Amino acid sequence: MTPATEGSSMRPPREIVPTRDIAAPRALLFRLWTEPEHLMRWWGPQNMTAPFVSVDLREGGAWRHCILTPEGREYWSHGRYLEIVPPERLVFTFAWENLDGKSGHSMQVTVEFQELGEKTRLIFRKVELPDDTELRLQTGGWEQALDKYVAYAEATSREG
């Protein structure tokens, strides 16, 4: 073992990287990620709603969202925008809040929008997940949220 690897795990960082090819223009898809009236329509897993969404869309600006379970349990998350390149890329931090409103483990999200002719490829990358349980839960939650996002995006694109 070399000094550089001694005492450290060779395990790759925990991350999720789902992608979607969406029948909608990337400028619209970017807006659906950054405008509260749209985020409220799709943010969160399939059985949840987003009753509160706050966005200060500027580098260094804060965001804060709440997702609500059918049983009435709230899950709050927040972060800061690190990079905003319309309509190509959005990078922000993400942390869950505990019941006292204090920030949990900070993660980073990158959302890229790549033109594919009449479609757009969305690449979602969330890194620095704290443990395997969070990796499993967030993988399932984001897969569902992105499915809602695709359905909403394609319907919104068709409506013009």
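A UniProt comment under Sequence similarities (unreviewed entry) is attached to the protein chain, and it reads "Belongs to the AHA1 family."

Student: Provide a residue-level description of the packing of aromatic side chains, including the pertinent values.
Tutor: Scanning all chains against the criterion turns up 19 aromatic pairs. When the ring of Trp33 is compared with that of Trp142, the centres are 6.1 Å apart and the planes differ by 15°; the resulting orientation is stacked. One end of the pair, Trp33, is in helix α1 (residues 26-34); the other, Trp142, is in helix α3 (residues 132-159), and 109 residues separate them in sequence. One exposure class covers both Trp33 and Trp142, and it is buried. Looking at Lys126, its charged tip hangs above the ring of Phe94, at a distance of 3.2 Å from the centre.

Student: Residues and numbers for the UniProt feature "domain: Activator of Hsp90 ATPase homologue 1/2-like C-terminal" (unreviewed entry) in the protein chain, please.
Tutor: Here, UniProt's "domain: Activator of Hsp90 ATPase homologue 1/2-like C-terminal" (unreviewed entry) annotation points to residues 24-153. The distance separating the terminal C-alpha atoms of residues 24-153 is 7 Å; by composition the span is 29% helix and 41% strand.

Student: Describe the environment of Tyr81, listing the residues and the values that go with them.
Tutor: Its location among the elements puts Tyr81 in strand β5 (residues 74-85). Take Tyr81: its relative accessible area is 4%, and that puts it in the buried class. Separated by 21 residues in the primary sequence, Tyr81 and Gly60 place their C-alpha atoms 5.2 Å from one another. The contact partners of Tyr81, leaving out residues within four places of it in the chain, are Val55, Asp56, Leu57, Arg58, Glu59, Gly60, Gly61, Ala62, Trp63, Leu90, Val91 and Phe92.

Student: Outline the nonpolar core, listing residues and values.
Tutor: Among the nonpolar cores identified, the biggest contains 35 residues, and Trp33, Trp42 and Trp43 are the most heavily contacted of them. At seven residues, the largest contribution of residues to this core is made by α3. Among all residues touching Trp43, those that are not within four sequence positions of it are Trp33, Thr49, Ala50, Trp63, His65, Ile67, Ser77, Phe94, Trp142 and Lys148.

Cut-offs used in this document
- Residue positions are counted from 1 within each chain, in the order its sequence is given.
- Residue-level local features of this predicted model are given only where pLDDT is at least 70; pairs of side-chain atoms are given and counted only at 80 or more, and the full residue set underlies all totals for whole chains, interfaces and linings.
- Processing note: side-chain calculations cover all non-hydrogen atoms of the structure and skip hydrogens and water entirely.
- UniProt positions are given in the numbering used here, feature names are shortened, and annotations may be inferred rather than shown by experiment.
- Here the aromatic set is Phe, Tyr and Trp, taking the six-membered ring for Trp, and pairing holds for ring centres within 6.5 Å; pairs whose planes are under 30 degrees apart are stacked, those over 60 apart are edge-to-face, and all others are tilted.
- We count a stretch as a helix when DSSP gives it H or I for four or more residues in a row; a strand needs E for two or more, and each element gets its number in order from the N terminus.
- Only protein chains enter the area calculation, which uses a 1.4 Å probe; residues under 20% of their type maximum are buried, those over 50% are exposed, and those in between are partly exposed.
- In this scheme, the term charge over a ring applies when either NZ of a lysine or CZ of an arginine sits within 6 Å of the ring centre and within 35 degrees of the ring normal.
- In what follows, a contact means two residues having at least one pair of non-hydrogen atoms within 4.5 Å.
- For our purposes a nonpolar core is just a set of buried Ala, Val, Leu, Ile, Met, Phe, Trp, Tyr and Cys residues, chained together by side-chain atoms within 4.5 Å.

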